[in-house]
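Structural overview
Here is how the chains run, residue by residue.
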Amino acid sequence: MPVSLLWAVDVYGRVYSLSTAGQQWEQCRNSQMEFKRVTAAQTCCWGIACDNSVYLNVHASDLPIRYQEDTYENQRWNPVDGFSDRLLPSDRWQWSDSSGLQHQPLNGFQLPSSTWEWEGDWHVDENLEGEPTEKEGWTYAMDFPAAYTKDKKWNSCVRRRRWLRYRRYKAMDTWAKIPSQQTTLPDPFSDISCGGWEISEEPGGRLSLWAVSLQGKVWFREGISHHNPEGSSWVEVPLPGEVVQISCGPGDLVWAVLWEGQLLVREGISRDNSKGTSWAVVESPNPEVGAIHVAVGMNVVWAVTKDNKVWFRRGVNSHNPCGSGWISMVGEMAMINVGLNDQVWAIGCEDRVVYFRQGITSSELSGKTWKAINVPRDGDRSHSSASASSLHSAGCFFSGEVRAPSVASDAELDIEHPPGDGAIISSAVLEEEVVPGEGEVNVLSSDAITCTQSGGPPDPQWSNVDLEEAQIQHVQTGAVPDSADSCSLSSVATYTLALEDQYGADEHPLWAWVSGGGCSVDSHSQLNWFNSMLQSVQSMSLSVSPAQTAAWRKQIFEQLTERSKREMDNFRHYEQAIEQSVWVKKGAMQWWRDWKPHKWIDVHFALEQFSGADGNKDGILFIYYNYHEEKKYLHAFINEVTILVPVLNHSKHTFAIYTPERTKQRWPIRLAAATELEMYDWLALLSVSCCDSRGIQGPPSKQAIWSITCKGDIFVSEPSSALEATPYPTPCDQMFWRQVGGHLRLVDCNSLGIVWGIGYDHTAWVYSGGYGGGFFQGLASSTDNIYTQTDTKSVYIYENQRWNPVTGYTTRGLPTDRYMWSDASGLHECTKTGTKPPSPHWTWVSDWAIDYSVSGGTDREGWQYAADFPASYHGFKTMKDFVRRRRWARKCKLSTTGPWQEIPPIQLSDVTILPCSAQSSVDVVPLWAISNKGDVLCRMGVTLLTPAGTSWLHVGTDQPFKSISIGAASQVWGVARDGSAFYRGSVSPSAGDCWYHIPSPAKQKLKQVSVGRTSVYTVDENGNLWYRQGVTPSYPQGSSWEHISNNVRKVSVGPLDQVWIIADKVQGSHSLSCGTVCHRLGVQPMDPKGQSWDYGIGGGWDHITIRGNSMEPSRICLSSMTDPSPQAPRSPLPVRSTESSSALNLTM
């Protein structure tokens, strides 16, 4: 669970935050101002201070907030001066925006506020659609406006170039005042609420901020985004009445409370209209008692009425924001707040304690019970070792005489009064009444009650008490003191108390406001907020010395050793118990038969295991079936099984068994169990049997090869020195792969054992050193280093329509058209109701929503247009467009376990680790990554002891990246989103100096890069594999690209320049497979491009990394090869199907 914050404001206006991984409130110490209210998101927190100004606190991140300013310099050619800034009167401005309509000189750009700073000076952009321009960055055209090219032609009469400059937001982790706009607001704000970051796939960082003024008007802050966290301006929203409070949820729910106690619901909020269109009135839960507070989430609305009763609104969702009715809930609260995952916090109206609503799930949105969050504040004296001041001050108030402080023993220092039994010591007012006992006195207030933690001065100080003022203060806070007792007190002893500690030592803070909009918890979250026994347990553990612990361990070990010896002595004469018999496990399954017509048939499945005198285990798999009423069987030796792959779907609980022969055929043994549990039992048993037969135990080695299937399953293979041997390497289809728990989209590693992975939701994970997890239990999994792992992905379906002259675009297509609701290919029908998550492990976490982030763009309603199905789609309609489609997305979530630890908070899209030799003495390992926004990052502090590193260093780029790879010589290659390549050298130990633009292959856009010791390989968007020629130490950028193969999905280059790929369209003897692991043969220092491909496991694979295998290959010298005469290269595997350098072009 990523760490997030719960924000709160106490009755003195001080702002605190409570981490989901912490156990105490941390005060925002960088601000001396007092706040009225705060509203939080995951990345920031807004607040209204007592000076009635709005402030913003953006959480510090290793990824800076940068905004790119750009302007264009335009020139026209004339016969006298050539290209100059002397333009025609009808031309655009000399300095303008891209359209030429807006005047934008360089000196006309100003910083929006004092919280921004310039990152550098203006510089020329020397890139045009992925291609480098000439040195000065000019692009040419015949006239304004036109299509610009990087080459100057004879008819190029105009030219322009783009200037760039970045500004950076610098006010991180501090309260920054939002600059007032030119037209001053009519009155100050009284309430504020932020949300709206999940409105129909909004771009990251987009927020909706609503505010209420003292006059009851509602204002909306426009322009808030990731690159502009402050927003641009306030816009008034018309109202049918005067509002006192407003609440905005993460989605499109916005509710407000009127002065009269009624509630308003904002309607018409959408991706294109964040402010909505109109208001709808909802009556108060209790017609006799109006509402005073409302809080909304994604699909819930909670309210508090004037009698402090709590109400829950049922039937609320995006399609029905008004809901259907109110339900009365238990508890009396002063205010309430809904955070992420519709979790609820509230503040009690009597005790002013923060409460958390437990038991809230997607199926039970109202929860079960309220639970108080009783954790200390940062700096509470009651939880410090020097708590003598609280004892002495309490002694002064609970006795009939005034005593000077005395030295207390260690035992006395640990004594604490139970909460609620002591007085609240304040520099202003006593908040709660203490019921006096015999000989005790009520103390109502003091002007300066202070106490030093070192024991205080020897002579007590005295101060007068204003009893009348104290009584007024008590009436305001709801406490009614005893006037007779209070009047008998004229003065009290006081001690030095730090001014920031306005509470007593033994009292909880009194809260005025809470905001959980940035607090990510759910019903399964493990929180430390309610561990009331934690401190007592810790204090008990402190009483046990390390010497006692060591003595106990030694005594226990000696006792266990003695007992084991005593038990074993009686059985010394028995023969050693080594199992030499056969052990059989049987079961009923279904088998996808090998012959046509292929179909599922019922079979009996059996695993026969046996072990010899040496203890080695082996086994045989048997599949018994009937063929024309004749009983037959199919068998496979356990030591020949190369991989077990779960293929879980909603119709069958299936798994596949591969052997080398089955891999050549591209036709595994497919079996289906009756239940999911039975399938996983068989998989775990078979996996353990395969590992035992091969002598593989424990976690993967540092040299292991990691791969990932298209379903996110993780597999590792232990390489041998013969894998890259010359001339006869180990065949790729004989490699044994075993599964590791977890779920990832890609993984990268090096030979030091550092492994990072990235999930489908862009969350980064680091390998913890364990093994197993997932469905592996018992001996098949390590007991430690296994953690819970979650992943989220989107499922897409397409809505298709065809135009006809009568009704326009409708769902009535031609008989030859695709399904009107289909997948991307149009061949399979996929409706909203019929589409299920990828497997039973996934659960829906959102509703269907239009996806606007489709390649090619969309219109305002998400449609893409084309002339016919299928074709090239674009986001605008033309006269020739007769079909259209739009993509719908729905998120689903998976929870599993594995040896992976999360690395929050930045989401990544790619990661690369320095490949090095196993004997390398690198202290700090260079690790580079790309965020999901395209920022290039360098991880600091990555070592063998801390593989997760410590922090991120941002490396500036002029455009977002999508792929990155670091080579053994500390050279970094990257691919930008426009398909161009970049090189950066000497990145270790520093981050390098600058990026060099490398031209892409002609008419191709690159998508992935991998760098080894000296080799650089890339894959373009059309599946072509390219090798960079001419890379030398003196010229590391290389000279040109050479085409190696096609139908390539991914490439991985190892520390010894090994080349492995994931290939598509690999033809086997039985079928065609996509997503196949392939190994490049014949790679040598004199021939880094290799000779042919060797095919391994597949299909269904999506990613592989060979970057951890630095095992030097064994070389075999044959007498027949000593002939110095040159020979044509032969296939190293004459009986295997291998191809030449364009080897994957088998079916094209």
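Fair warning: this is a prediction, and the values are worked out from it, not measured in the lab. Numbers given for residues are sequential positions, taken from 1 along each chain in its written order. Two thresholds apply to this predicted model, a pLDDT of at least 70 for residue-level local features and 80 or more for giving and counting side-chain atom pairs, whereas whole-chain, interface and lining totals are computed over all residues. Computation of side-chain values covers all heavy atoms of the structure but excludes hydrogens and water.

**Focus: the overall build of the protein**
When its secondary structure is counted, the protein shows eight helices and 74 strands. Sequence-distant contacts in the protein: of pairs separated by 6 or more residues, those separated by 24 or more amount to 58%. Surface exposure here means Shrake-Rupley accessible area, sampled with a 1.4 Å probe, where a residue is shielded only by the protein chains that are shown. Here the protein displays about 53,900 Å² of accessible surface, and carbon together with sulfur accounts for 51% of that area. Helix numbering and strand numbering both begin at the N terminus, where a helix is a DSSP run of H or I of at least 4 residues and a strand a DSSP run of E of at least 2. It only takes one pair of heavy atoms within 4.5 Å for two residues to be counted as in contact.

**Some details on the pairing of strand S57 (residues 927-931)**
When a residue's accessible area, from a 1.4 Å probe over protein chains only, is under 20% of the maximum for its type it is buried; when over 50% it is exposed; and in between it is partly exposed. When you tally the buried positions in S57, you get five out of five residues, the bulk of the element. Of the two faces of S57, the one lined by Leu927, Ala929 and Ser931 and the one lined by Trp928 and Ile930 are each fully buried. Both S57 and strand S58 (residues 936-940) contribute to a ladder of four bridges, which runs antiparallel. When the bridges of S58 are listed, Ile930 appears paired with Val936. Strands were regarded as paired on the criterion that DSSP finds at least two bridges between them. The turn linking S57 back onto S58 is made up of four residues, and Gly934 within it adopts a positive phi angle of 100°.

**Let's talk about the sheet that holds strand S39 (residues 643-648)**
In space, the seven strands of this open sheet follow the order S38-S37-S36-S35-S41-S40-S39, with antiparallel pairing throughout. Across the chains shown, the open sheet's two edge strands, defined by having one partner strand only, are strand S38 (630-637) and S39. The average angle at which neighbouring strand axes cross in this sheet is 35°, direction not considered. Pairing between strand S35 (residues 582-592) and strand S41 (residues 669-673): two bridges, direction antiparallel. Interaxial angles span 0 to 180 degrees and are taken between N-to-C directions of axes, which are lines fitted to C-alpha atoms, for helices over the stretch in contact.

**Observations concerning the packing of aromatic side chains**
Note on aromatic pairs: the rings of Phe, Tyr and Trp (six-membered ring only in Trp) are paired at centre separations within 6.5 Å, and the planes decide the class, stacked below 30 degrees, edge-to-face beyond 60, tilted for the rest. Per the counting criterion, the structure on display carries 44 aromatic pairs. Taking the centre distance of 6.1 Å and the plane angle of 70° together, the rings of Trp302 and Trp370 count as edge-to-face. Here Trp370 lies in strand S31 (residues 369-372) and Trp302 lies in strand S26 (residues 301-305), a separation of 68 residues in the sequence. Trp302 sits in the buried class, given a relative accessible area of 0%. Through successive ring pairs, a cluster of aromatic residues spans Trp7, Phe35, Tyr55 and Trp175.

**Some remarks on the sheet that holds strand S67 (residues 1040-1045)**
If you trace the four strands from one edge of the open sheet to the other, you get S64-S65-S66-S67, paired in antiparallel fashion. Each of the sheet's edge strands pairs with one partner strand only, and the pair in question is strand S64 (1006-1011) and S67. On average, adjacent strands in this sheet sit at an angle of 30° to one another, irrespective of strand direction. Pairing of strand S66 (residues 1025-1029) with S67, which is carried by five bridges, proceeds in the antiparallel orientation. When the sheet's bridge partners are listed, Tyr1027 is paired in S67 with Glu1042.

**Observations concerning the UniProt feature "domain: Peroxin/Ferlin" (unreviewed entry) in the protein**
UniProt positions are given in the numbering used here, feature names are shortened, and annotations may be inferred rather than shown by experiment. Sequence positions flagged by UniProt for "domain: Peroxin/Ferlin" (unreviewed entry) are, in local numbering, residues 64-125, 137-170, 790-851 and 862-895. Secondary structure content for residues 137-170 is 0% helix and 44% strand, while the C-alpha to C-alpha distance between its ends is 30 Å. Helix makes up 0% of residues 862-895 and strand 50%, with an end-to-end C-alpha separation of 31 Å.

**Looking at the nonpolar core**
Where a protein is soluble and globular, its nonpolar side chains tend to be buried together. For the purposes of this section, nonpolar cores are sets of buried Ala, Val, Leu, Ile, Met, Phe, Trp, Tyr and Cys residues that join through side-chain atoms within 4.5 Å. Within the largest apolar cluster, 35 residues are counted, with the highest numbers of intra-cluster contacts made by Trp756, Leu908, Trp928, Trp952 and Trp995. The set of elements that each furnish at least two residues to this core consists of strand S46 (755-758), strand S47 (764-767), strand S56 (908-913), S57, S58, strand S59 (951-955), strand S60 (961-966) and strand S61 (972-976). Of all the elements, S57 adds the most residues to this core, at four residues.

**Re helix H8 (residues 676-694)**
How far a helix is expected to stretch is found by multiplying one less than its residue total by 1.5 Å. Compared with an ideal rise of 1.5 Å per residue, which puts 19 residues at 27 Å, H8 spans 27 Å between its outermost C-alpha atoms and is within 8% of the ideal. Buried residues of H8: Met679, Tyr680, Trp682, Leu683, Ala684, Leu685, Leu686, Ser687, Ser689, Cys690, Cys691 and Ser693, and no others. At the exit of H8 stands Gly695, carrying a positive phi of roughly 70°.

**Side note on unusual backbone geometry**
The linkage connecting Lys596 with the following residue, Pro597, adopts the cis geometry, with an omega of -5°. Note that Pro597 resides in the loop between S35 and strand S36 (600-611). Following Gly1098, the chain continues to Gly1099 via a peptide bond in cis, the omega torsion being 0°. By secondary structure assignment, the location of Gly1099 is in the loop between strand S73 (1092-1095) and strand S74 (1101-1105). Not every positive phi belongs to a glycine, and Arg666 is a case in point at roughly 60°. Positionally, Arg666 belongs in the loop between helix H7 (660-665) and S41. Look at Arg666 and you get buried, because its relative accessible area is 6%. For Ser970, which is not a glycine, the phi torsion comes out positive at approximately 60°. Here Ser970 lies in the loop between S60 and S61.

**Description of the side chain of Gln801**
Looking at where Gln801 falls in the secondary structure, it is placed in strand S48 (residues 787-804). A distance of 2.8 Å separates the side chain of Gln801 from the side chain of Arg884, its partner in a polar contact. Leaving out residues up to four positions away in the same chain, Gln801 has contacts with Tyr809, Thr810, Thr811, Met820, Trp863, Phe869, Phe882, Val883 and Arg884. Under this definition, polar contacts are N or O atom pairs within 3.5 Å; protein pairs additionally need one hydrogen-donor-capable and one acceptor-capable atom, and for neighbouring residues in sequence, both atoms have to be side-chain atoms.

**Things to note about the side chain of Ser515**
Within the secondary structure layout, Ser515 lies in strand S34 (residues 511-515). Contacts of Ser515, omitting those with residues within four sequence positions, involve Leu6, Trp7, Val38, Thr39, Ala40 and Asn337.

**Quick notes on the environment of Leu607**
Take Leu607: it is sitting in strand S36. By relative accessible area, Leu607 is classed as buried at 0%. Expressed as a C-alpha distance, the spacing of Leu607 and Lys585, which sit 22 residues apart in the sequence, is 5.2 Å. Those residues in contact with Leu607 that sit more than four places away from it in its chain are Trp583, Val584, Lys585, Ile620, Leu621, Ile638, Trp682, Leu685, Leu686 and Ser689.

**Observations concerning the environment of Asp97**
Residue placement: Asp97 occurs in the loop between strand S9 (95-96) and strand S10 (116-118). Take Asp97: its relative accessible area is 17%, and that puts it in the buried class. Between the C-alpha atoms of Asp97 and Asp70, which are 27 residues apart in sequence, the distance is 7.6 Å. For Asp97, the residues in contact, after removing those within four places along its chain, are Tyr72, Arg92, Gln102 and Gln104. For Asp97, the side chain forms a polar contact with the side chain of Ser99, separated by 3.1 Å.

**Brief notes about the confidence of the model for the protein**
When the pLDDT values of the protein are averaged, the result is 81; 81% of them are 70 or greater. Put simply, strand S33 (residues 491-494) is where the protein has its lowest mean pLDDT, 33, and S46 is where it has its highest, 97. As a per-residue measure, pLDDT reflects the predictor's confidence and takes values from 0 up to 100. Here residues 533-542 is modelled with pLDDT under 50, and outside its nearest four sequence neighbours on either side it reaches three contacts, counting other chains as well. A low-confidence stretch, residues 1118-1148 stays under pLDDT 50, and its non-local contacts, those more than four residues away or across chains, total 63 contacts.

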